[in-house]
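Secondary and tertiary structure notes
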Amino acid sequence: AAAGLCPCRALLARRGGALRALCGSVRGLAVGPETHFGFQTVTEAERREKIYHVFESVAKKYDVMNDSMTLGIHRVWKDILLHKMNPSPGTLLLDVAGGTGDIAFRFINYVRSAQERQLQRKLKHHQNLSWREISESYQEDKFKSLGDSQVVVCDINKEMLKVGKQKAQHLGYSEGLSWVLGNAEELPFDDDKFDVYTIAFGIRNVTRIDLALQEAYRVLKPGGRFLCLEFSHVSNPLLSRLYDLYSFQVIPVLGEVIAGDWKSYQYLVESIRRFPPQEELKAMIEDAGFFKVDYQNLNSGIVAIHSGFKL
């Protein structure tokens, strides 16, 4: 009799296992797809929440920490990004994840300088003008120092935007500058709107990079340019070992000492290691529809600038 019951028990056991697997699948659907937060495995929803809290926590010390962690070299990297962009007066820039304004302020300075050079060339070609005519022309053009250029800073974090607005007020930036609360994965802008899209040290913190790249493509005008400045993968083996040592042993300590936040900077270091290498990110940008995609390694790949065009 006992032997006769065995097949029934086996059938029940199989059905029970299938039911548990089905329940597990339903639970998985309920919490959402899994991804990573640094070296932790989390759901996409949890990751978005955690990253929001990271930047909410570090916003006030963000610029100081950037200087401390990179020994000020991040300023050079951002300058290189602007020179690569080479914006002319009239350019409409969208800077995503640019809450503290570093790229926006550089853009304004760059365009102002370009406009000033244009004005100087214009005046040199009109040697026969009177002093009054030169003065009036100069004053008229001076009021249009950005030449209709605009930069829109879009960031998902209110605290980062708050810091950026305070910096802009303190430094005297107001013309051609606006601030928008928005998600890189679902931008609050029309199609074919911007000439240039930049994201500096931000795409690494986007949960769905593919969606962010698709949105970048959507909001750019035909002929528009995508530029991404991000920590990447070091090509030199010796430098890579030294970089790992510095990253894991020094940066979290700096985070604790300067910002009172060890965990956020531990995440930062881990997130860099989980970020796709240069060629993989290039392929993702191409998959989003961009053409002429390339990248430039800076400091042996500690950071890289990826570039692509919407054609």
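Here, every reference points to the structure presented above.
A brief report on the enclosed structure follows. These numbers were taken from a predicted model, which means no experiment stands behind them. (Residues numbered from 1 in each chain as written. Predicted model: local features only at pLDDT ≥ 70, side-chain atom pairs only at ≥ 80, totals over all residues. Heavy atoms only, no water.)

1. Description of the side chain of serine 149
To be explicit about the condition: Each helix corresponds to a stretch of at least 4 residues labelled H or I by DSSP, and each strand to a stretch of at least 2 residues labelled E; elements are numbered beginning at the N terminus. For this analysis, a polar contact is any N or O atom pair within 3.5 Å, provided that within protein one partner can donate a hydrogen and the other can accept it, and provided that sequence-adjacent residues contribute only side-chain to side-chain pairs. Contact criterion: two residues are considered in contact whenever any of their non-hydrogen atoms come within 4.5 Å of each other.
Mapped onto the secondary structure, serine 149 falls in the loop between helix 6 (131–142) and strand 4 (150–155). For serine 149, the side chain forms a polar contact with the main-chain nitrogen of glycine 90, separated by 2.6 Å. For serine 149, the contacting residues outside a window of four places in its chain are Ser88, Pro89, Gly90, Thr91, Phe107, Val111 and Gly176.

2. A closer look at the packing of aromatic side chains
To be explicit about the condition: In summary, the pairing rule links any two rings of Phe, Tyr or Trp, Trp by its six-membered ring, whose centres are within 6.5 Å, and it sorts them by plane angle into stacked for under 30 degrees, edge-to-face for over 60 and tilted for everything else. When a residue's accessible area, from a 1.4 Å probe over protein chains only, is under 20% of the maximum for its type it is buried; when over 50% it is exposed; and in between it is partly exposed.
Per the counting criterion, the structure on display carries 9 aromatic pairs. Relative to phenylalanine 194, the ring of phenylalanine 189 has its centre 5.2 Å away and its plane inclined at 85°; by these criteria the two rings are edge-to-face. An identical accessibility class is assigned to phenylalanine 189 and phenylalanine 194; each is buried. Pairing phenylalanine 226 with phenylalanine 290 gives two aromatic rings, centres 5.2 Å apart and planes at 35°, and the pair type is tilted. Residue phenylalanine 226 is located in strand 7 (residues 220–231), and its partner phenylalanine 290 is located in the loop between helix 12 (278–287) and strand 8 (291–298); the two are separated by 64 residues in the primary sequence. A relative accessible area of 3% places phenylalanine 290 in the buried class. Through successive ring pairs, a cluster of aromatic residues spans Tyr197, Tyr217, Phe226 and Phe290.

3. Considerations on the sheet that holds strand 3 (residues 92–96)
Two pairing modes exist for strands in a sheet, parallel and antiparallel, and in both the strands are linked by backbone hydrogen bonds. How we decide: Any two strands with at least two DSSP-identified bridges between them are counted as paired. Orientation is described by axes fitted as lines to C-alpha atoms, over the contacting stretch for helices, and by angles from 0 to 180 degrees between their N-to-C directions.
One open sheet holds the 7 strands; their spatial order is 5-4-3-6-7-9-8, and the pairing between them is mixed. Since the sheet does not close on itself, it has two edges, and those belong to strand 5 (177–181) and strand 8, each with one partner. Geometrically, the sheet is characterised by an average inter-axis angle of 15° between neighbouring strands, direction not taken into account. Bridge count between strand 8 and strand 9 (residues 303–309): 6 bridges; the pairing is antiparallel. Following the sheet pairing, glutamine 296 is matched in strand 9 by isoleucine 305.

4. Side note on the pattern of salt bridges
In plain terms, the rule: Counted as salt bridges are all cases of a side-chain nitrogen of Lys or Arg within 4 Å of a carboxyl oxygen of Asp or Glu.
For the coordinates displayed, the defined rule picks out 14 salt bridges. Residues arginine 48 and glutamate 185 are paired through a salt bridge, measuring 2.8 Å at the closest nitrogen-oxygen approach. Of the two residues, arginine 48 is situated in helix 2 (residues 44–58) and glutamate 185 in the loop between strand 5 and strand 6 (194–200); the sequence distance between them amounts to 137 residues. Between arginine 218 and glutamate 215 there is a salt bridge, and its shortest N-O distance comes to 2.8 Å. Taken together, the residues arginine 218 and glutamate 215, both in helix 8 (residues 209–219) and 3 residues apart, mark about one turn of the helix. Judged by relative accessible area, which is 12%, glutamate 215 ranks as buried. When salt bridges that share partners are traced, they join Asp63, Lys78, Asp102 and Lys167 into one network.

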